[in-house]
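As a plain string of letters, each chain reads:
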Amino acid sequence: MSDRSATHSTFVIERDYDASPARVFAAWATVDAKGQWFGPGGDQQHELDFREAGREHFAAAVEGAVYSYDALYEDIVPDERIVYTYNMHRDGVRMSVSVTTVELFADGAGTHLRYTEQGVFLDGEDTPELREHGTKEILDKLGEALAQGAATV
């Protein structure tokens, strides 16, 4: 019998940003803008082809391990919605496979963002709780980058 396992989970994170939906959307759309908030910083590799059927690759060393993220953009509605699938690996071992939906709603002069991730976490390599915690930190970094003027449109 194998020690393989699959844990399925869905989580939703909501954030409000003092930036228009166009600016929040633009923060996802180019490697320069996304690089201001996505990932741990430091020595990293990041490629982004932001369009339907486009791909994104990100890799970085964190605490002695190499993490990689590979995404495929499935649906993009400018200033409103981004849907993508992605895989996470640590040192070449697949940790998870997810489907993510980012929804942007105008809220006065700002934006309400709803991030929904449906994932399968494989073989105990990651947990839904850790992924949700890390995603919250990344979305907080997005807010900080927007407050500092990132992704002007």
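A few points on the structure. (Residues numbered from 1 in each chain as written. Predicted model: local features only at pLDDT ≥ 70, side-chain atom pairs only at ≥ 80, totals over all residues. Heavy atoms only, no water.)

1. Let's talk about helix H1 (residues 21-29)
The element H1 is extensively covered by neighbouring structure, given that seven of its nine residues are classed as buried. Every buried residue of H1 is listed here: Pro 21, Arg 23, Val 24, Phe 25, Ala 26, Ala 27 and Trp 28. (Buried < 20%, exposed > 50% of the residue type's maximum accessible area, 1.4 Å probe, protein only. Helix = DSSP H or I, 4+ residues; strand = E, 2+ residues; numbered from the N terminus.)

2. Quick word on the nonpolar core
Val 24, Trp 28, Tyr 84, Leu 113, Tyr 115 and Leu 142 are the most contacted members of the largest nonpolar core, which totals 30 residues. Looking at this core, the elements with two or more residues in it are strand E1 (6-17), H1, strand E3 (55-62), strand E4 (65-77), strand E5 (81-90), strand E6 (93-107), strand E7 (110-122) and helix H3 (128-147). Leaving out residues up to four positions away in the same chain, Leu 142 has contacts with Tyr 17, Val 24, Ala 27, Trp 28, Trp 37 and Leu 113. (Core = buried A, V, L, I, M, F, W, Y, C linked by side-chain atoms within 4.5 Å. Contact = heavy atoms within 4.5 Å.)

3. Comments concerning the pattern of salt bridges
A side chain with one charge may pair with a side chain of the opposite charge, provided their charged atoms come close. This model, assessed by the stated rule, comprises 10 salt bridges. Two residues, Lys 34 and Glu 56, come together in a salt bridge whose shortest N-O distance is 2.9 Å. Of this pair, Lys 34 sits in helix H2 (residues 31-34) while Glu 56 is found in strand E3, placing the two residues 22 residues apart along the sequence. Residues joined by salt bridges that share partners form a network here, namely Glu 117, Asp 126 and Arg 131. (Salt bridge = Lys/Arg side-chain N within 4 Å of Asp/Glu carboxyl O.)

4. Describing a negative patch on the surface
Residues Glu 14, Asp 16, Asp 18 and Asp 107 make up a contiguous surface patch of negative charge. You can see Asp 16 is positioned in strand E1. (Patch = residues over 30% accessible without salt bridge, like charges linked within 9 Å, V, L, I, M, F, W, Y side chains within 5 Å. Areas by Shrake-Rupley, 256 points an atom, 1.4 Å probe, with all protein chains shown as cover. Lys, Arg positive; Asp, Glu negative; His and termini not counted. Charge placed at Lys NZ, Arg CZ, Asp CG, Glu CD.)

5. Observations regarding the side chain of Thr 116
Within the fold, Thr 116 resides in strand E7. With sequence-adjacent residues up to four places away left out, Thr 116 is seen in contact with Thr 10, Phe 11, Val 12, Val 99, Thr 100 and Thr 101.

6. Notes on the sheet that holds E7
One open sheet accounts for seven strands, arranged E1-E7-E6-E5-E4-E3-E2; its pairing is antiparallel. The open sheet is flanked by E1 and strand E2 (44-48), the only strands paired with a single partner. On average, adjacent strands in this sheet sit at an angle of 15° to one another, irrespective of strand direction. Of the strand pairs in this sheet, E3 and E4 are connected by eight bridges, and their pairing is antiparallel. Note that in E4 the partner of Phe 58 across the bridge is Tyr 69. Here H3 sits on the sheet and contacts E1, E5, E6 and E7; the angle it forms with E1, its principal contact strand, is near 20°. (Pairing = 2+ DSSP bridges. Axes fitted to C-alpha atoms, helices over the stretch in contact; angles between N-to-C directions.)

7. Side note on the side chain of Arg 15
Mapped onto the secondary structure, Arg 15 falls in strand E1. Among the polar contacts made by the side chain of Arg 15, one reaches the side chain of Asp 140 at a distance of 2.8 Å. For Arg 15, the residues in contact, after removing those within four places along its chain, are Thr 111, His 112, Leu 113, Lys 136, Leu 139 and Asp 140. (Polar contact = N/O pair within 3.5 Å; in protein donor to acceptor, adjacent residues only side chain to side chain.)

8. Concerning the packing of H1 against H3
One way to put it is that H1 packs onto H3 with a least axis distance of 11 Å and a crossing angle of 115°. Regarding the angle of H1 to H3, the classification is roughly perpendicular. Where H1 crosses over H3, the handedness of that crossing is right-handed. Facing H1, whose interface residues are Arg 23, Val 24, Ala 27 and Trp 28, H3 presents Leu 139, Leu 142 and Leu 146. Of the residues belonging to the contact of H1 with H3, the class tally is six nonpolar, no polar and one charged. (Parallel < 35°, antiparallel > 145°, perpendicular 65-115°, else oblique. Left-handed = near helix turned anticlockwise from the far one by under 90°. Nonpolar A, V, L, I, M, F, W, Y, C, P; charged D, E, K, R; others polar.)

9. Overview of H3
For an α-helix, 3.6 residues make a turn, and residues three or four places apart therefore share a direction. The terminal C-alpha atoms of H3, which comprises 20 residues, lie 29 Å apart, in line with the 28 Å expected from a rise of 1.5 Å per residue. Of the positions making up H3, those classed as buried are Pro 128, Arg 131, Thr 135, Leu 139, Leu 142, Gly 143, Ala 145 and Leu 146. Axial view of H3: buried residues confined to an arc of 160°, hence all on one face. Exposed residues pointing more than 90 degrees away from the buried face of H3 are listed as Glu 129, Leu 130 and Ala 147. Where H3 is buried, its residues contact E1, H1, E5, E6 and E7. Phi turns positive, to about 95°, at Gly 149, one or two residues after H3. (Expected span 1.5 Å × (residues − 1). Arc of directions from axis to C-beta.)

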